[in-house]
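These are the residues of each chain, in order.
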Amino acid sequence: MSKFINLAKPVDMSSGFKDFFDTIGLTGGGLVTKGIAAVIAIIAIRMLLQLSNDPKGALQKGSMALGTLFVAVILALYGDTLFSTVTNAKG
């Protein structure tokens, strides 16, 4: 006798992308914010890979690349909260 175990409850996704983004907890603005953060992170990693042989220049460029990567991580984690204060302002 085999017994089936439900690992997850069924989810109705008949209305398309809206249901999908609701299940992963993203809105349209949140998705754009994550995309922007991903692009900034790729730019920062590229900056890290293109360091020069000059120690002083490499230190300056490396610190700028790490700062850019930090901004990308903060934007990915808290970007939707930061931008929701701007878009939901009541005046």
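Residues numbered from 1 in each chain as written. Predicted model: local features only at pLDDT ≥ 70, side-chain atom pairs only at ≥ 80, totals over all residues. Heavy atoms only, no water.

S.K.: Can you help me understand the overall build of the chain in this one?
M.R.: On a plain count of helices and strands, the chain comes out with 3 helices and 0 strands. In sequence order, the chain lays out its α and β elements as α-α-α. Counting across all 91 residues of the chain, residues that qualify as buried make up 15%. Of all intrachain contacts in the chain linking residues separated by at least 6 positions in sequence, the fraction that spans at least 24 positions is 49%. If you sum the accessible surface of the chain, you get close to 7600 Å²; carbon and sulfur atoms cover 69% of it. (Helix = DSSP H or I, 4+ residues; strand = E, 2+ residues; numbered from the N terminus. Buried < 20%, exposed > 50% of the residue type's maximum accessible area, 1.4 Å probe, protein only. Contact = heavy atoms within 4.5 Å. Areas by Shrake-Rupley, 256 points an atom, 1.4 Å probe, with all protein chains shown as cover.)

S.K.: Even after reading the chapter, I still don't get a nonpolar patch on the surface, so can you show me in this structure?
M.R.: Where nonpolar side chains cluster on the molecular surface, the patch consists of Val73, Leu77, Tyr78 and Leu82 and spans about 400 Å² of accessible area. When you line up the elements, valine 73 lands in helix 3 (residues 55-87). (Patch = residues over 30% accessible without salt bridge, like charges linked within 9 Å, V, L, I, M, F, W, Y side chains within 5 Å. Salt bridge = Lys/Arg side-chain N within 4 Å of Asp/Glu carboxyl O.)

S.K.: What is the right way to read the environment of alanine 72 from this model?
M.R.: By secondary structure assignment, the location of alanine 72 is in helix 3. Among the residues examined, alanine 72 registers a relative accessible area of 3% and is labelled buried. Between the alpha carbons of alanine 72 and lysine 34 there is a distance of 9.1 Å; along the sequence they are 38 residues apart. Ignoring any residue separated from it by four or fewer positions in sequence, one finds alanine 72 in contact with Ala37, Ile40 and Ala41.

S.K.: Is there a simple way to explain the environment of leucine 77 in this structure?
M.R.: Mapped onto the secondary structure, leucine 77 falls in helix 3. When its relative accessible area of 53% is taken as the criterion, leucine 77 is described as exposed. Once the C-alpha coordinates of leucine 77 and alanine 37 are considered, the two residues, 40 residues apart in sequence, prove to be 9.1 Å apart.

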